Amino acid sequence: MRHTISVLVENEFGVLSRVAGLFSGRGFNIESLCVAETTDAGVSRMTIVTSGNDQIVEQILKQLNKLVPVLKVIDLTGADTVVRELVLVKVNADNEGKQEVLRLVDIFRAKIVDVAPRCYTIEMTGGEGKVQAFLQMLRPLGIKDVVRTGKIAISRGA
Amino acid sequence: MQMTGAEIFVKALADLGVDVVFGFPGGAVLNIYDALFRNTRVRHVLCRHEQGAVHMADGYARASGRTGVCLVTSGPGATNTVTGLATAYMDSIPLVVFSGQVPTLLIGNDAFQEADIVGISRPCTKHNYLVKDVRDLARIIKEAFYIASTGRPGPVLVDMPKDVLVSPAEYNLPREVKLRGYHPNYEGHPRQVESAMRMILSKERPVLYAGGGVILSNASAELAELARLLAIPVTTTLMGMGVFPGSDPLSLGMLGMHGTYWANMAISHADVIVAVGARFDDRVTGKVDEFAPHAKIVHIDIDPTSIQKNVPVDIPIVGDLKDVLRKMIRHVKGKKEAAAYREKTGAWRGRIAAWAKTHPLTYKPAKGKIKPQYVVEQIYKVAKGKAIVATEVGQNQMWAAQFYTYDMPRTFLSSGGLGTMGYGLPAAIGAQVAMPGRLVVDIAGDGSIQMNIQELATAVQFKIPVKVVILNNGYLGMVRQWQELFFEGKYSHTRLPQIPDFVRLAEAYGAKGFRATKTEEVHDVLKEGFAADGPVLIDVVVDPAEMVYPMVPAGAPLTKMLLV
């Protein structure tokens, strides 16, 4: 099963490689990983999407907790959370396709951020389902390139 | 007063109570060696290879319970410590390795003797540091010792660039360590302890399965008290040898791949297993799906990651073993339940005794050949069971575990997790440095001893009187055993036709050499060797065909043992 794990870490040299090394060394997989500073400049948040059975995920959570610079580990799976991902897509925008691209951008509340002859670059954010659906709709029109940030997540409520 | 980083380093070590450092000098740590030269509080033991230095610090830590300390230079000095770090990490041994590093400005430039040791050692240390500012040095040293020795202990590496060591700063060793991401949990949860006790008391076939954690927690007395209070038989892992007296009637000896028949049978038929500071390693469980099929499992460990890692656990208790065992004892001490339980479990102990009778630990004497097991028995006799025994890895290690009775913790030093050949001699030297008055014996094989034999020079130079007994069978015996059993006797590259004359080799190093080639000589040669001053190497030419039994083939369940 897929899990989204939020990890607060000391914002210090080498901490990313400690976390990445833990996953690779123990054969856990990382589907996506996002890292950035929090409101406290001394603390960074990593949002890691991983998968495994219950026993593996339990190990992942415990092993992360064991790292000295890790301050807190929260498994957001199943909790009431907002999950988002930012996607940048370059898509064909020749004569027939152009209108369809514009329509999809409108429907998915995306944004065209760059225009070139026969190519639009679109910025879109959303949860997993929306991102998948958007990319699926664009595919027949000819996707030239996709860049995704990986997921970030935050719990709902105060 | 301003001091250089090198002076801060030496003063911090002394202030933290470090009495000895095992090390090897080089360019990046010259300033430290200069500061060491002028100090009188910290002693330095010069090893002959950095791997030896780490094993010495490791042996020192295992024998004494104090944190071992190493000092090496950058590049190859640092990379040579990796096997030692991995060995200590697998066995949770507290030690701190200090490595020199090229100046901060040169890091990443492929400078002379540069290696990214922080990157290289990350997966085999509990934590590691690169000191970037001399003002952080004292604090980091303090933290390194704290992390190494608390919670589940382990090795910590501190990498110190040369410019940090020559820069000046105020000496400021913090009194306390504040780490917001590191809080080991020492107190076992009372409700979990209560459930565990209720579970144990409701069962009839209990076994205590004790590992190296009991040594690390200094909880042997508590373990023995609980075991005797409820008359629960105790089996130990290789790492746990000595945590419960091997001569006690409740002792089942070691379990697992080369464990006793009755320990493995007991575990396989138990209805409740209490794992104390052990981690269900594959060498212990055999085929994990068929491990202890009838048992509920209580698992006590300070490290939450050890729990539920290899086997499902019914009642986990995270905490310091000493604390948890005390709570368990309090639960039943002086109560009628304890006496009733001892009575109820009598039949179970009888069953185990019967297993012990049918297949005792034994070997078949052969005419004209020295049996290695006999040698180990004689070591026990000559030492009167009072030696600190270090081992190498392989058959020598298993026979040392099987045929010597360990009654005290910290008397059996062996690379259990990593299985590092070449561990024994330097570990014995480290143990002897920690325990100058004790008899320290390294039980070795002719293969393993050659992996760090250069440390004989260290022993001779510093008059460290370790006694090495080589069970010389002319083979890499354990690998040979597997080839005999599982590869149709094709002894691919396990025969060692070119073995040095160990007696003359010992003499070349300035140590004393002895040899036994006949069974009748063994006792006297050992006696003479152990009584001799200074480091001694005793070469015992043993039967090359001898095998370690019982043996559970890899991947087989514990009940499928190959027996003598």
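Here, the structure is the one placed above.
An account of the accompanying structure is given in this report. Quick caveat, the model's predicted, so the values are computed rather than measured.

### Here we look at the overall build of chain B
Item 1. When helices and strands are tallied, chain B shows 23 helices and 20 strands.
Item 2. At 24 Å, chain B has a C-alpha radius of gyration in line with the 24 Å of a compact globule built from 564 residues.
Item 3. Taken along its principal axes, the extent of the C-alpha atoms in chain B is 70 × 60 × 40 Å.
Item 4. In chain B, which comprises 564 residues, the proportion classed as buried is 60%.
Item 5. In chain B, the share of contacts with a sequence separation of at least 24, taken over all contacts with a separation of at least 6, comes to 76%.
Item 6. Entry remark: accessible area of chain B is about 21,700 Å², with carbon and sulfur atoms responsible for 54%.

### Some points on the overall build of chain A
Item 1. A count of helical and extended segments in chain A gives 4 helices and 9 strands.
Item 2. Summarising its shape, the C-alpha atoms of chain A cover approximately 55 × 35 × 35 Å along the three principal directions.
Item 3. In chain A, buried positions account for 41% of the 158 residues.
Item 4. Considering only contacts in chain A between residues 6 or more positions apart, those separated by 24 or more positions represent 73%.
Item 5. Surface exposure of chain A reaches about 8,500 Å², of which carbon and sulfur atoms provide 51%.
Item 6. Side chains of chain A give 20 positive and 18 negative charges; the mean places of these two sets differ by 2 Å.

### Comments concerning the packing of helix α1 (residues 15-25) of chain A against helix α2 (residues 54-66) of chain A
Residue and element names in this part refer to chain A.
Item 1. The geometry of α1 relative to α2 is characterised by a closest axis approach of 11 Å and an angle of 145° between their N-to-C directions. At the point where α1 passes α2, the crossing takes the right-handed sense. Only Ile60, Gln63 and Leu64 of α2 make contact with α1, whose side of the interface consists of Val19, Leu22 and Phe23.
Item 2. Looking at the contact of α1 with α2 residue by residue, the classes come out as 5 nonpolar, 1 polar and no charged.

### So, the pattern of salt bridges
Residues and elements named next belong to chain B.
Item 1. Inspection of the entire model under this criterion finds 36 salt bridges over all chains.
Item 2. Close ionic contact of Asp248 with Arg228 constitutes a salt bridge, the shortest N to O distance being 2.8 Å. Here Asp248, found in the loop between β10 (234-236) and β11 (251-254), pairs with Arg228, found in helix α11 (residues 220-230); they are 20 residues apart in sequence, far enough to count as distant.
Item 3. Look at Arg228 and you get partly exposed, because its relative accessible area is 42%.

### A few points about the interface of chain A and chain B
Item 1. Counting from both sides, the interface comprises 20 residues of chain A and, opposite them, 17 residues of chain B.
Item 2. Contact between chain A and chain B buries roughly 1,600 Å² in total, counting both sides, with carbon and sulfur atoms accounting for 49%.
Item 3. Interface area lost by chain A to chain B is led by Phe13, Arg18 and Val68 of chain A, which between them contribute 38%.
Item 4. Summed over the shared surface of chain A and chain B, the number is 2 salt bridges.

### Some words on the packing of helix α12 (residues 261-269) of chain B against helix α16 (residues 346-358) of chain B
All names here are of chain B.
Item 1. Running from amino to carboxyl end, α12 crosses α16 at an angle of 145°, the nearest separation of the two axes being 8 Å. The two elements α12 and α16 cross, and the hand of that crossing is right-handed. Residues Tyr261, Trp262, Met265, Ala266 and His269 of α12 touch α16, and the partners they reach there are Trp348, Arg351, Ile352, Trp355, Ala356 and Thr358.
Item 2. Looking at side-chain class alone, the contact of α12 with α16 contains 8 nonpolar, 2 polar and 1 charged residues.

### Re a positive patch on the surface
Item 1. Taken together, the side chains of Lys384, Lys386, Arg438 and Lys527 of chain B make up a positively charged region of the molecular surface.
Item 2. Relative to the helices and strands, Lys527 of chain B is located in helix α23 (residues 519-531).

### So, the sheet that holds strand β4 (residues 70-75) of chain A
Residue and element names in this part refer to chain A.
Item 1. The strand order β2-β3-β1-β4 describes an open sheet built from 4 strands, whose pairing is antiparallel. Each edge of the open sheet is held by one strand with a lone partner, namely β2 (29-37) and β4. Across this sheet, the average inter-strand angle for adjacent strands is 20°, counted without regard to direction.

### Some thoughts on the packing of aromatic side chains
Item 1. Under the criterion given, the structure shown has 15 aromatic pairs over all chains.
Item 2. Measuring from centroid to centroid gives 6.0 Å for Phe23 of chain A and Phe28 of chain A, while their planes differ by 80°, and the two rings are edge-to-face. Phe28 of chain A shares its class with Phe23 of chain A; the two are buried.
Item 3. Taking the centre distance of 5.8 Å and the plane angle of 85° together, the rings of Phe280 of chain B and Phe291 of chain B count as edge-to-face. Of this pair, Phe280 of chain B sits in the loop between β12 (272-276) and α13 (282-285) while Phe291 of chain B sits in the loop between α13 and β13 (296-301), placing them 11 residues apart in sequence. Considered together, Phe280 of chain B and Phe291 of chain B belong to a single accessibility category, that of buried residues.
Item 4. Through pairs of rings, three or more aromatic residues link up here, namely Tyr380, Tyr404, Tyr406 and Phe412 of chain B.
Item 5. One Lys or Arg, Lys132 of chain B, reaches over the ring of Phe13 of chain A and ends 4.4 Å from the middle of that ring.

### Looking at the sheet that holds strand β14 (residues 315-318) of chain B
Residue and element names in this part refer to chain B.
Item 1. The strand order across the open sheet built from 6 strands is β11-β10-β9-β12-β13-β14, with neighbouring strands paired in parallel fashion. A strand with exactly one partner marks an edge of an open sheet, and here the two such strands are β11 and β14. On average, each strand axis in the sheet is tilted by 15° relative to the strand beside it, whichever way the strands run.
Item 2. Here strand β9 (residues 206-210) runs beside β12; their pairing, made up of 5 bridges, is parallel. Bridge pairing in β12 links Pro206 to Val272.
Item 3. The sheet strands contacting helix α9 (residues 190-202) are β12, β13 and β14, and the helix crosses β14 at an angle near 140°.
Item 4. Contacts from α11 reach β9, β10 and β12 within the one sheet, and its direction differs from that of β9 by about 170°.

### Side note on the side chain of Glu85 of chain A
Residue and element names in this part refer to chain A.
Item 1. Mapping Glu85 onto the fold places it in strand β5 (residues 81-92).
Item 2. Within the structure, the side chain of Glu85 is placed 3.0 Å from the side chain of Arg148, a separation counted as a polar contact.
Item 3. Of note is the side chain of Glu85, whose polar atom sits 3.3 Å from the backbone nitrogen of Gly150.
Item 4. With sequence-adjacent residues up to four places away left out, Glu85 is seen in contact with Met124, Thr125, Gly126, Val131, Arg148, Thr149, Gly150 and Lys151.

### Some points on the nonpolar core
All names here are of chain B.
Item 1. In terms of nonpolar packing, the biggest core is built from 50 residues, with Phe22, Leu95, Val97, Ile449, Val466 and Leu537 touching the most fellow members.
Item 2. Setting aside chain neighbours within four positions, we find Leu95 in contact with Val54, Ala57, Asp58, Thr67, Gly68, Leu85, Ala88, Ala148, Gly154, Pro155 and Val156.
Item 3. Counting residues in hydrophobic clusters, the runner-up holds 42 residues, among them Leu13, Ala14, Phe145 and Ile147.

### Here we look at helix α7 (residues 137-149) of chain B
All names here are of chain B.
Item 1. The terminal C-alpha atoms of α7, which comprises 13 residues, lie 19 Å apart, in line with the 18 Å expected from a rise of 1.5 Å per residue.
Item 2. The buried fraction of α7 amounts to 10 of the 13 residues, a majority that puts the element mostly inside the structure.
Item 3. Listed in full, the buried residues belonging to α7 are Leu137, Ala138, Ile140, Ile141, Lys142, Glu143, Ala144, Phe145, Ile147 and Ala148.
Item 4. The inward-facing, buried residues of α7 contact α1 (5-15), β4 (68-72), β5 (95-101), β6 (127-130) and β7 (155-161).

### Some thoughts on the side chain of Ser64 of chain B
All names here are of chain B.
Item 1. With respect to the helices and strands, the residue Ser64 is situated in helix α3 (residues 50-64).
Item 2. Under the relative-accessibility criterion, Ser64 is labelled buried at 17%.
Item 3. A polar contact of 2.7 Å, which involves the side chain of Ser64, links it to the backbone oxygen of Tyr60.
Item 4. Apart from residues no more than four positions distant in its own chain, Ser64 is found in contact with Arg410, Ala434 and Met435.

Cut-offs applied
Residues numbered from 1 in each chain as written. Chains lettered and ligands numbered in written order. Predicted model: local features only at pLDDT ≥ 70, side-chain atom pairs only at ≥ 80, totals over all residues. Heavy atoms only, no water. Helix = DSSP H or I, 4+ residues; strand = E, 2+ residues; numbered from the N terminus. Rg over C-alpha atoms; globule rule 2.2 N^0.38 Å. Buried < 20%, exposed > 50% of the residue type's maximum accessible area, 1.4 Å probe, protein only. Contact = heavy atoms within 4.5 Å. Areas by Shrake-Rupley, 256 points an atom, 1.4 Å probe, with all protein chains shown as cover. Lys, Arg positive; Asp, Glu negative; His and termini not counted. Charge placed at Lys NZ, Arg CZ, Asp CG, Glu CD. Axes fitted to C-alpha atoms, helices over the stretch in contact; angles between N-to-C directions. Left-handed = near helix turned anticlockwise from the far one by under 90°. Nonpolar A, V, L, I, M, F, W, Y, C, P; charged D, E, K, R; others polar. Salt bridge = Lys/Arg side-chain N within 4 Å of Asp/Glu carboxyl O. Buried area = accessible area lost by both parts, 1.4 Å probe. Patch = residues over 30% accessible without salt bridge, like charges linked within 9 Å, V, L, I, M, F, W, Y side chains within 5 Å. Pairing = 2+ DSSP bridges. Phe/Tyr/Trp six-rings, centres within 6.5 Å; stacked < 30°, edge-to-face > 60°. Lys NZ or Arg CZ within 6 Å of the ring centre and 35° of its normal. Polar contact = N/O pair within 3.5 Å; in protein donor to acceptor, adjacent residues only side chain to side chain. Core = buried A, V, L, I, M, F, W, Y, C linked by side-chain atoms within 4.5 Å. Expected span 1.5 Å × (residues − 1).

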